[in-house]
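# Descriptive analysis of the structure
Spelled out, the chains give:
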Amino acid sequence: MGVEAHKPLLESIGVDVERHAKMMGMGLGAYQNLFMSQENRPKGMAYFDWFVSEIQGERIAEINALRAQKKPAVGTFCIFVPEEIVTGAGGACYGLCGGSAATIADAETELPRNICPLIKSAHGFKLQRTCAYTQSSDFIYGETTCEAKKKGWEILNKHHPVHVMNIPHMKRDKDLALWQEEIKEFKEHIEEVTGEPLSLDAMKEGVRIINAKRAALQRLDALRGMHPDIMPISGKDALFITQMGFLDDPKRYTQKVNTLCDELEERIAQKTSVFPANTPRLIVLGTPFAPPNWKLHHAVETTGGVIINEESCIGHRYFKDNVDIDGVENEEALYKALMERYSKIDCACFTPNEGRIEKILNMVKERQADGVIYYTLSFCHTYNVESKLVLDAMEEAGIPALAIESDYSPEDAGQIKTRVEAFLESIAFSQKARAFKGL
Ligand code: SF4
Ligand code: SF4
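Keep in mind the model is a prediction, meaning the values are calculated, not measured. For every chain, the first residue of the written sequence is number 1, and numbering continues from 1 onward in sequence order. All chains are assigned letters beginning with A, and all ligands numbers beginning with 1, in the order in which they are written. Totals for whole chains, interfaces and linings use every residue, but because this is a predicted model, local features are given only for residues with pLDDT of at least 70 and side-chain atom pairs only at 80 or more, for both listing and counting. Side-chain metrics in this entry use all non-hydrogen atoms of the structure; hydrogen atoms and water are not considered.

What follows covers the pairing of strand β4 (residues 162–165). For two strands to count as paired, DSSP must find a minimum of two bridges between them. Strands here are runs of E lasting at least two residues and helices are runs of H or I lasting at least four, both read from the DSSP assignment and numbered beginning at the N terminus. The sheet contact formed by strand β3 (residues 139–143) and β4 spans four bridges and is parallel. Opposite Gly142, over in β4, you have Val164 as the bridge partner. When the strands point away from the viewer and the path from the first strand over the helix to the second turns clockwise, the crossover is right-handed. Following the chain from β3 across helix α9 (residues 147–156) to the adjacent parallel β4, one finds a crossover that is right-handed.

Okay, structure coming up:
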């Protein structure tokens, strides 16, 4: 149907439809160029190609149909949101627009220039009223993970309601107790939106739905990355699927990802690969890739490499752990189970954060990766500073690593490609040297 058919709805939620249509046109054009031109894509990508065409149309209509029944609609920029609670209340929890350079100039009328592009882009979408997800949200979920976000919520709150959860930066018992309280308060806030109590059973059902979604993503992760000679899907497509997991209805999405995984299993059995067997296999580490931030994946996969995994919040960090609700029989036990799952997230906002380095070392080994790219958004101090510890650990383990800092502008695309090219050449050179020495 497309966005045009939903114009009255978009107008009713305050979207600037003309500007929105222009942005959508650019986004869809970029998607067609970067994704649909790839050869030998799995048939299961057809669903995701359809979804992108309805991303700000049919899906927005679905979310607003839920709101009409007083179900909550919660927009977020972080994976600390207990989406199981929103899902249990029958609502929708989704990532908001924040990956485009097109809204940054507007954001800079209210925010400083030298903060991360994700925060500025997201803020600009609200000022421009060009993200239908933001416009559909009963409230925006905020958290205290980094300084720019923490203060940014106070300014964003002047334009749209924001509920902030205080995420601690250490994981001692007293910090975890605070976290559990914050989850309970989040649930109470959801009850304020719906105007009715949320039962334990409903929340447990929300956990089951989101656990199933994460299990499907874990399956996709293993299929794309664990078979050294066969890449049944490109890293770019796999990234896009993960990005859509933050927007789509979780039950439908889980089913579509599992159907695609069935096809990927067949492809592996038939040795159908989208890249030649000796293509250098890279893992990307770092900050999240909000769509349409596809710059790095595109650079790698058009330069002779493949990305087999993202150690990122739009990636492994998001789906690696499920919530264990075995034996959970009261609300406090459920909040504890949620807190335990969420506190396993190894965001760089924590100190210490050694678990992240151990996880990266395991991921490289398990997936037989040839190297890593440590990717950070400009002015993201947490990930930028932590890169020293991660890159030192890579060096010690003999894992080739490249650090890239970038924003959302297209200007450094050529420079990134040149650096990736040199990195891939050095990997190929050391592979040949090892083969020569018989290692
Ligand atoms: S990197 Fe940290 S703050 Fe950013 S989305 Fe992930 S968990 Fe949230
Ligand atoms: S990318 Fe870094 S600076 Fe930007 S919002 Fe996330 S943690 Fe904060």
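There is more to say after this.
On to the pairing of strand β6 (residues 306–311), then. Relative accessibility thresholds used throughout: buried, under 20% of the residue-type maximum; exposed, over 50%; partly exposed, between the two (1.4 Å probe, protein chains only). For β6, the buried fraction is high: six of the six residues fall into the buried class. When strand β5 (residues 281–286) meets β6, the two strands line up parallel, connected through five bridges. Counted as the bridge partner of Val284 is Glu310 from β6. What joins β5 to β6 is helix α14 (residues 295–301), and the crossover it makes is right-handed.

For the rest of this paragraph, the subject is helix α2 (residues 17–36). All of the buried residues in α2 are Val17, His20, Met23, Met24, Tyr31, Leu34 and Phe35. When α2 is viewed along its axis, its buried side chains cluster within an angular range of 125 degrees and face the same direction. Set apart from the buried face of α2 by more than 90 degrees, the exposed residues are Glu18, Lys22, Met26 and Asn33. The contact criterion used is simple: two residues touch if any of their non-hydrogen atoms lie within 4.5 Å. Against the buried residues of α2 lie α1 (7–12), α3 (45–53), α7 (117–128), α8 (132–136), α12 (235–244) and α14. Of all possible arcs, the one meant is that of the directions from the helix axis to the C-beta atoms.

Note on definitions: salt bridges are taken to be side-chain nitrogens of Lys or Arg within 4 Å of carboxyl oxygens of Asp or Glu. Scanning all chains against the criterion turns up 33 salt bridges. For Asp248, the salt bridge identified is with Arg252, shortest N-O distance 2.7 Å. The class of Asp248 is buried, set by a relative accessible area of 3%. Each of Glu311, Arg317, Asp346, Arg356, Lys359 and Glu386 takes part in one network of salt bridges that share partners.

On to the nonpolar core. In terms of nonpolar packing, the biggest core is built from 137 residues, with Phe80, Trp179 and Leu296 touching the most fellow members. Looking at this core, the element that brings in the most residues is helix α11 (residues 200–225), giving seven residues. If sequence neighbours within four positions are ignored, Leu296 has contacts with Val284, Phe289, Ile373, Tyr375, Ile404, Ile416 and Val420. For the purposes of this section, nonpolar cores are sets of buried Ala, Val, Leu, Ile, Met, Phe, Trp, Tyr and Cys residues that join through side-chain atoms within 4.5 Å.

Now for the site of ligand 2. Taken together, Cys116, Ile119, Cys146, Lys149, Thr287, Leu377, Cys380 and Thr382 make up the full set of residues near ligand 2. Residues are grouped as follows: Ala, Val, Leu, Ile, Met, Phe, Trp, Tyr, Cys and Pro are nonpolar; Asp, Glu, Lys and Arg are charged; all remaining types, including Gly, are polar. A per-class count over the shell around ligand 2 returns five nonpolar, two polar and one charged. Here a residue is considered near a molecule or strand provided that any single heavy atom belonging to it is located within 4 Å of it.

For ligand 1, the full set of nearby residues is Phe77, Cys78, Ile79, Phe80, Thr145, Lys149, Pro288, Cys313, Cys347 and Tyr383. The residue makeup of the shell around ligand 1, split by class, is eight nonpolar, one polar and one charged.

Turning our eyes to something else, we now look at the layout of surface pockets. By volume, the second largest pocket is sized at about 240 Å³. Buriedness of a pocket was judged along seven lines, with at least five required to meet protein on both sides within 12 Å; pockets are open sets of points on a 1 Å grid over the protein atoms alone, cavities are sets where a 1.4 Å probe fits but cannot get out, and lining residues have an atom within 4 Å of a point. Lining the second largest pocket are 20 residues, and of these Thr87, Gly90, Gly91, Asp249 and Pro250 sit closest to its centre. Secondary-structure elements contributing two or more residues to the lining of the second largest pocket are α4 (58–68), α5 (83–88), β2 (92–95), α11 and α13 (250–269). Ranked by the residues each element gives to the lining of the second largest pocket, the list is headed by α11, at six residues. The residue inventory of the lining of the second largest pocket, partitioned by class, reads eight nonpolar, five polar and seven charged. Grid points are joined across faces, edges and corners, and a volume is the space filled by probe spheres set on the points.

With respect to the helices, strands and loops of the structure, Arg356 is situated in helix α17 (residues 354–366). The class for Arg356 is buried, based on a relative accessible area of 0%. The term polar contact refers here to a pair of N or O atoms within 3.5 Å; inside protein, the definition further demands a hydrogen-donor-capable atom paired with an acceptor-capable atom, and it admits residues adjacent in sequence only when both atoms are side-chain atoms. Polar contacts involving the side chain of Arg356 include one to the side chain of Glu386, which spans 2.9 Å. Excluding anything up to four places from it in sequence, Arg356 contacts Leu285, Gly286, Glu311, Arg317, Asp346, Ala348, Tyr374, Tyr383, Glu386 and Val390.

This paragraph deals with the packing of α2 against α3. The relative placement of two packed helices is expressed as an angle between their axes plus a distance between the axes. Where α2 contacts α3, the two axes come as close as 10 Å, and the packing angle between them is 165 degrees. As far as their axial angle goes, α3 and α2 are roughly antiparallel. Along this stretch, α2 crosses α3, giving a crossing that reads as left-handed. Residue-level inspection shows Met24, Leu28, Tyr31 and Met36 of α2 in contact with α3, the latter providing Met45, Phe48, Asp49, Val52 and Ser53. Looking at the contact of α2 with α3 residue by residue, the classes come out as seven nonpolar, one polar and one charged. Think of each axis as a best-fit line through the C-alpha atoms, taken over the contacting stretch in the case of a helix, with angles from 0 to 180 degrees between the N-to-C directions. The scheme is simple: roughly parallel for angles under 35 degrees, roughly antiparallel for over 145, roughly perpendicular for 65 to 115, oblique for anything else. We call a crossing left-handed when the near helix sits turned anticlockwise from the far one by less than a right angle, and right-handed when that turn is clockwise.

A few words on a negative patch on the surface. Together, Glu181, Glu185, Glu188 and Glu192 make up a negatively charged patch on the protein surface. One can find Glu185 in helix α10 (residues 173–194). A relative accessible area of 39% means that Glu185 is categorised as partly exposed. Like charges are joined within 9 Å and nonpolar side chains (Val, Leu, Ile, Met, Phe, Trp, Tyr) within 5 Å, but only among residues with over 30% relative accessible area and no salt bridge; these make up the patches. Values of accessible area rely on a 1.4 Å probe in the Shrake-Rupley scheme; residue burial ignores everything except the protein chains shown. In this tally, Asp and Glu contribute negative charge and Lys and Arg positive charge; neither His nor the terminal groups of the chain are included. The location of each charge is read from NZ of Lys, CZ of Arg, CG of Asp or CD of Glu.

Ordered in space as β2-β1-β3-β4, the four strands form an open sheet in which the pairing is parallel. Looking at which strands have only one partner, the edges of the open sheet turn out to be β2 and β4. Averaged over all neighbouring strand pairs, the angle between strand axes comes to 30 degrees, with direction disregarded. α4 contacts β1 (73–76) and β2 of the sheet and is inclined by roughly 140 degrees relative to β2.

Listed in full, the buried residues belonging to α4 are Arg59, Ile60, Ile63 and Asn64. The buried side chains of α4 occupy one side of the element, clustering within an arc of 135 degrees when seen end-on. Packing partners of the buried residues in α4 comprise α1, α3, β1, β2, α8 and α13.

Geometric values such as these leave the question of function open.
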